[in-house]
Amino acid sequence: MTMHLAQLNVAHMRAPKESPELADFIAALEPINQISDTAPGFVWRLKGGDSPQDTVEHDYGDHLLINFSVWESRDTLWDFVYRSAHLGVLQRRREWFLRAAEPYTVMWWIPEGYTPTLEEGMGRLELLKAEGPTPQAFTFKDFYESSEAAWRPAAAEVRK
C-alpha cells in the first residue's frame, strides 16, 4: 500500500489577521500557497475558502492559525518547507507568531487517497504532546518511516 505523509502545524498569531502587524504574512499567503499547490509531491491541503488569503476556520481558538496538508513523502515536504520561498516566510515567523513552548507541528502516515480530518490532525498533535514522538505522531526531528507506522484513523483509536 502506498502511504502519504500528513502534516499539521499550528501557530498562535501575535495579533488579529486583519491587523497591520500581520499584513506581510497575509500578503505572503497567496504566493506561498501557489508554490505549495504546484510543488512536486504535494497531494492536498485544507483550504479556508476560495480566496488565496483565506485561512482555515475552526473552533480551536481565535488566534490559532492552522496549516494542514498531505505530501507524497518526507523529502517532498522537506523540499517545500526548507528549499522553496516558504523558507523566507518561515524565517520571519517570530514577527507574526508567539513562540511555542509545546509541540506545534505533527506528522503521520496515511494511505494514498485518504483525506484526514482536522479533528484527526488536532488529535495527532495532542498525542504528540502527551506521549512524545511515536509512529502515530512524529516530527522531522523524530521521524518514523511509513514501514514503522501503523495507520489507524483517530476515530478507530477512540473506539478501542
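Residues numbered from 1 in each chain as written. Predicted model: local features only at pLDDT ≥ 70, side-chain atom pairs only at ≥ 80, totals over all residues. Heavy atoms only, no water.

**Student:** Where do I start with the pattern of salt bridges in this structure?
**Tutor:** A pair can form between side chains of opposite charge whenever their charged atoms are brought close. This structure, assessed with the given rule, holds seven salt bridges. Put simply, Arg-83 and Asp-79 hold a salt bridge, and the shortest N to O gap is 2.6 Å. What makes Asp-79 partly exposed here is its relative accessible area of 33%. Its salt-bridge partner being Arg-124, residue Glu-120 comes within 3.7 Å of it at the nearest N-O pair. Of the two residues, Glu-120 and Arg-124 both sit in helix H5 (residues 118-131), four residues apart, roughly one turn of that helix. For the pair Glu-120 and Arg-124, one class covers both residues: buried. A single network of salt bridges, built from pairs that share partners, joins Asp-24, Arg-92 and Glu-95. (Salt bridge = Lys/Arg side-chain N within 4 Å of Asp/Glu carboxyl O. Buried < 20%, exposed > 50% of the residue type's maximum accessible area, 1.4 Å probe, protein only. Helix = DSSP H or I, 4+ residues; strand = E, 2+ residues; numbered from the N terminus.)

**Student:** Teacher, can you tell me more about helix H1 (residues 23-38) here?
**Tutor:** Within an α-helix, residues lying three or four positions from one another point in the same direction, as the helix has 3.6 residues per turn. A rise of 1.5 Å per residue sets the reference length of H1, with its 16 residues, at 22 Å; its end C-alpha atoms lie 24 Å apart and thus fit the reference within 8%. Within H1, the axis deviates most sharply at Leu-29, by approximately 35 degrees, and proline Pro-31 lies no more than four positions further along. Buried within H1 we find Phe-25, Ile-26, Ala-28, Leu-29, Ile-32, Asn-33 and Ser-36. Contacts made by the buried residues of H1 are with strand E2 (42-45), strand E3 (64-71), helix H2 (74-82), helix H3 (86-91) and helix H4 (93-96). (Expected span 1.5 Å × (residues − 1). Bend = angle between axes of the 7 residues up to and from the residue. Contact = heavy atoms within 4.5 Å.)

**Student:** So what exactly am I meant to see when it comes to the nonpolar core here?
**Tutor:** Note that soluble globular proteins tend to have their nonpolar side chains buried in a common cluster. Within the largest apolar cluster, 27 residues are counted, with the highest numbers of intra-cluster contacts made by Leu-5, Phe-25, Leu-77, Phe-97 and Met-107. Of all the elements in the fold, those that place two or more residues in this core are strand E1 (3-12), H1, E3, H2, H3 and strand E4 (105-111). In terms of residue count, the dominant contributor to this core is H1 (five residues). Excluding its chain neighbours within four sequence positions, the residues that come into contact with Leu-5 are Ser-69, Val-70, Trp-71, Ser-73, Arg-74, Leu-77, Met-107, Trp-108, Trp-109, Phe-138 and Phe-143. Counting 17 residues, the second-largest nonpolar core is a separate cluster that includes Val-56, Phe-68, Leu-125 and Leu-128. (Core = buried A, V, L, I, M, F, W, Y, C linked by side-chain atoms within 4.5 Å.)

**Student:** What is the right way to read the environment of Glu-18 from this model?
**Tutor:** With respect to the element layout, Glu-18 can be found in the loop between E1 and H1. The spacing of Glu-18 and Ser-69 is 51 residues in sequence and 24 Å in space, taken between C-alpha atoms.

**Student:** Would you explain the pairing of E1 in this entry?
**Tutor:** Within a regular strand, the side chains alternate between the two sheet faces. The buried count for E1 comes to eight of ten residues, which makes it a mostly enclosed element. Across seven bridges, E1 lies against E4 in antiparallel orientation. Counterpart to Gln-7 in the pairing with E4 is Met-107. As judged from the eight bridges shared by E1 and E3, these two strands associate in the antiparallel manner. Residue pairing in the sheet places His-12 in a bridge with Leu-64 of E3. (Pairing = 2+ DSSP bridges.)

**Student:** Would you mind showing me how to read the side chain of Thr-76 here?
**Tutor:** Secondary-structure assignment places Thr-76 in helix H2. Looking at Thr-76, its side chain comes within polar contact range of the main-chain oxygen of Ser-73, at 3.0 Å. Leaving out residues up to four positions away in the same chain, Thr-76 has contacts with Pro-40, Gly-41 and Trp-71. (Polar contact = N/O pair within 3.5 Å; in protein donor to acceptor, adjacent residues only side chain to side chain.)

Function cannot be inferred from these measures alone, as they are strictly geometric.
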